[in-house]
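Overview (structure and organization)
So you can see what is in the structure, the chains are spelled out below.
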Amino acid sequence: MLRSATAWITAGSRGPRRLLSHKWVWYSTKPTSSGEQNIAQDSVTDSAGRGKKERPPGTYAIWAMEAIGGVSAFFYYLHLHTDLLKPKVTERLDPDKYTQLTLLEREPLTSDTARFRFRVNRPRHDSRQEELVDEIISQGVWALDVKDHLVQTYRTYTPVSYSVSETVDDARGLREGHCDLVVKRYPRGSLSRFLHSTRVGDHIEMRGPILTWPYSPGTYRRIFMLAGGTGIAPMFQLITRVLSNPEDASTKISLLYGSPSEPDIIYRKELDALAAQHPDRLCIQYLVDHGPSTVAKCARPDNAILAAFTGSFDFSKDIMLVCGPDPMLAAICGPKPIGSNQGPLQGVLRDLGFTKENVFKF
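Report follows, based on the coordinates. Just so you know, these numbers come straight off a predicted model, no measurement behind them.

What counts as what
Residues numbered from 1 in each chain as written. Predicted model: local features only at pLDDT ≥ 70, side-chain atom pairs only at ≥ 80, totals over all residues. Heavy atoms only, no water. Helix = DSSP H or I, 4+ residues; strand = E, 2+ residues; numbered from the N terminus. Buried < 20%, exposed > 50% of the residue type's maximum accessible area, 1.4 Å probe, protein only. Contact = heavy atoms within 4.5 Å. Areas by Shrake-Rupley, 256 points an atom, 1.4 Å probe, with all protein chains shown as cover. Expected span 1.5 Å × (residues − 1). Pairing = 2+ DSSP bridges. Axes fitted to C-alpha atoms, helices over the stretch in contact; angles between N-to-C directions. 1 Å grid on protein atoms, 1.4 Å probe; cavity = no way out; pocket = protein on both sides within 12 Å on 5 of 7 lines; lining within 4 Å. Points joined across faces, edges and corners; volume = space filled by probe spheres on them. Nonpolar A, V, L, I, M, F, W, Y, C, P; charged D, E, K, R; others polar. Phe/Tyr/Trp six-rings, centres within 6.5 Å; stacked < 30°, edge-to-face > 60°.

So, about the overall build of the protein chain. Across its full length, the protein chain holds 9 helices and 17 strands. Taken over 362 residues, the protein chain has a buried fraction of 42%. Put simply, of all contacts in the protein chain between residues at least 6 apart along the chain, 65% involve residues at least 24 apart. Carbon together with sulfur atoms contributes 55% to the accessible area of the protein chain, which is approximately 20000 Å² in total.

What follows deals with helix H5 (residues 232-244). Look at H5: 18 Å from first C-alpha to last across 13 residues, which is about the 18 Å you get at 1.5 Å a residue. Within H5, 10 of the 13 residues are buried, which leaves the element mostly enclosed by the surrounding structure. All buried positions along H5 are accounted for by Ile232, Ala233, Pro234, Met235, Phe236, Gln237, Leu238, Ile239, Val242 and Leu243.

Moving on, we come to the sheet that holds strand E13 (residues 252-259). Strand order across the open sheet formed by 6 strands is E15-E14-E13-E12-E16-E17, with parallel pairing between neighbours. The open sheet has two edge strands, strand E15 (296-298) and strand E17 (359-361), and neither has a second partner. The mean angle between the axes of side-by-side strands here comes to 20°, regardless of whether they run parallel or antiparallel. Of the pairings in the sheet, the one linking E13 to strand E14 (residues 282-288) comprises 7 bridges and is parallel in character. When the bridges of E14 are listed, tyrosine 257 appears paired with tyrosine 286. Contacts from H5 reach strand E12 (222-228), E13, E14 and strand E16 (319-323), with the element oriented near 150° to E12. On the sheet, helix H6 (residues 268-277) packs against E13 and E14 and is oriented at approximately 150° with respect to E14.

Computed from the structure, the second largest pocket encloses a volume of approximately 420 Å³. If you go around the second largest pocket, you meet 18 residues; those closest to its centre are Ile137, Trp142, Ser161, Tyr162 and Arg241. Those elements giving two or more residues to the lining of the second largest pocket turn out to be helix H3 (128-137), strand E9 (161-164), strand E10 (174-184) and H5. For the lining of the second largest pocket, the element with the most residues is H5, which contributes 5 residues. Taken together, the residues that form the lining of the second largest pocket break down as 7 nonpolar, 5 polar and 6 charged.

A complete count under the given rule lists 14 aromatic pairs for this structure. A centroid spacing of 5.6 Å and a plane angle of 20° characterise the contact between tryptophan 213 and tyrosine 215, whose relative ring orientation is stacked. Accessibility assignment for this pair places tryptophan 213 and tyrosine 215 in one class, buried. An angle of 55° between the planes, with centres 6.3 Å apart, marks the rings of tyrosine 257 and tyrosine 286 as tilted.

A word on the sheet that holds strand E7 (residues 140-148). Taken in spatial order, the 7 strands make up an open sheet running E8-E7-E11-E5-E6-E10-E9, and their pairing is antiparallel. The open sheet is flanked by strand E8 (153-157) and E9, the only strands paired with a single partner. Looking at each pair of strands side by side, their axes are set apart by 35° on average, direction ignored. Two strands pair when backbone bridges link them, and strand E5 (residues 94-108) and strand E11 (residues 203-214) are joined in this way by 5 bridges, in the antiparallel orientation. What sits directly across from leucine 101, in E11, is isoleucine 204.

Honestly, it's all geometry; don't read function into it.
What follows is the structure, encoded as structure tokens:
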């Protein structure tokens, strides 16, 4: 059998075959007296059609090795420069449809608030989907739609952080990352109760990123922020973006952050660290509803507090951002309708002379 296979590679089988010269030739083998087949050398006509010449033995073997080498090189190229040979990468952000992300960690922050860390993967080589994700994230503050698959409802949450490792898992052809959501559990909040009932390893459906507030570096002289409770999420995302961007080195931030009590100040350690690193650019004031407190003033954001906080506000160069519980928004700037509509400006900020163009509600 081995000799027959060798004979086929080096001489070919009976019947017509087309060569590169596009000439039709016939191959034949004649049995020897011992019953074995001779491996005939091909007789072919030269390019001018004159005379005949013999094809060297092993020609087909050389061709076969060249073909195998070419195919191997092609697949090696695909391995190095594409993800076609890798398993399909899942748990990716997608602005157009819901995808399942795995819950990696749960960290209690207060008695009713926790940080949820979800896995986010990216292919080793970014596709159009990743390019779209990066484009949206680069445009300003962004959020994710989180779905409760049990009752088919969703709510939009702003991640406080998002990062992807530069290290490639070559076996899976991806880079691992994560995004963090800060969620308070409300007794009547369907999505918040659903998230607080999940366990590490559960899969949650999310869609995004979704641009919630467009922002370009250097747009404002100073960004004023009024936040309450988990309303710190979009503020923290924007603070870290501004302070880490060299193109935004001239922008300053003033944050007035209210909480029920000192232990309820979410991300206080991270905020204090940023303020210590950038004392000339980030100014933070804490308010609490109930004392005692060594770091916060026990007061509500009334007219006097906000008048002092916004005393240096430049209506032509600054912006006011507000995010917090519904009662806080109603008192400070008026309620925010569902969707992209900001609604009319009301409350304390209107009394202080602010206009709709000066204020954005998350």
